[in-house]
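# Examination of the molecular architecture
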Amino acid sequence: MGKTFKITLFIFVILATALFAVEVFSLPKVTPELKVGAQEYYNNECKACHRWGRKFAAPPMKENVAQYAEKPEEMVKYLIHPTPKHPDIWPAMEITPLTEDQAKMMTAWLLYILDNPEDPGRPK
Ligand code: HEC
């Protein structure tokens, strides 16, 4: 391999890595502002059916979120486009689908609450 080719290849790899890094999934940081927004959204759009620790018109939110602890990206996808998950036990979740930003906000907050159940903002 010629030296120029090696350098070109090196630059190409760096650029490709940088581009890939931009695409990597990430959730917003749970700031006090995010908490306020997520709590309000939850009260308006989720609380009608979900309770944190027990079954209601839907499975307990704690268990729902725990399923996604290692794959938050899947939870974001689900909230943007809910599909039947347990058709033998539960009806499909009929909600106004979340936007990507809303889904990321709710996923970040609910995973935070899962890790910090003593948070005063934890849903009932
Ligand atoms: C109209 C009632 C209703 C509302 C409102 C509702 N859900 Fe649900 N949710 C359900 C039902 C029913 C299921 C079980 C669906 C299934 O198993 O297919 C569910 C399941 C879930 C799950 C678990 C899905 C899985 O993979 O097992 C998550 C996470 C969830 N809801 C989050 C939310 C969030 C966040 C909100 C508010 C933005 C919300 N839900 C609002 C009824 C509701």
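Not measured: the values here are computed from a predicted model.

## What to know about the site of the ligand
For the ligand, the set of nearby residues contains 24 residues, the closest of which are Cys 46, Cys 49, His 50, Tyr 68 and Met 93. Backbone polar atom of Lys 85 to an oxygen atom of the ligand: 2.7 Å apart, as the coordinates give it. Interatomic distance of 2.7 Å between a side-chain N/O atom of His 86 and an oxygen atom of the ligand. Judged by the proximity of its atoms to the pocket grid, the ligand belongs to the largest pocket. Among the secondary structure elements, those contributing two or more residues to the shell around the ligand are helix H2 (32–45), helix H3 (61–67) and helix H4 (72–80). Ranked by the residues each element gives to the shell around the ligand, the list is headed by H3, at three residues. For the shell around the ligand, a count of residues per class yields 17 nonpolar, four polar and three charged.

## Quick word on the coordination of the iron atom of the ligand
By definition of the ideal shapes, four donors in a tetrahedron about a metal sit 109.5 degrees apart, and six donors in an octahedron sit 90 or 180 degrees apart. The iron atom of the ligand binds to the protein through His 50 (NE2) and Met 93 (SD), with metal-donor distances spanning 2.0 to 2.1 Å. Coordination at the iron atom of the ligand is octahedral, judged from the six donor atoms that bind it and the angles of 88 to 179° they form at the metal. With His 50 in the loop between H2 and H3 and Met 93 in the loop between H4 and helix H5 (100–115), this pair connects stretches of sequence that are 43 residues apart. Judged by its relative accessible area of 8%, His 50 falls in the buried class. According to the relative accessible area criterion, Met 93 is partly exposed, its value standing at 24%.

Rules used in this analysis
Residues numbered from 1 in each chain as written. Predicted model: local features only at pLDDT ≥ 70, side-chain atom pairs only at ≥ 80, totals over all residues. Heavy atoms only, no water. Near = heavy atom within 4 Å. Polar contact = N/O pair within 3.5 Å; in protein donor to acceptor, adjacent residues only side chain to side chain. 1 Å grid on protein atoms, 1.4 Å probe; cavity = no way out; pocket = protein on both sides within 12 Å on 5 of 7 lines; lining within 4 Å. Sits in = over half its atoms within 2 Å of the grid points. Helix = DSSP H or I, 4+ residues; strand = E, 2+ residues; numbered from the N terminus. Nonpolar A, V, L, I, M, F, W, Y, C, P; charged D, E, K, R; others polar. Donors = N, O, S within 2.8 Å, 3.2 Å for Na, K, Ca; no water. Tetrahedral: all angles 85-135°; square planar, octahedral: opposite > 155°, others 65-115°. Buried < 20%, exposed > 50% of the residue type's maximum accessible area, 1.4 Å probe, protein only.

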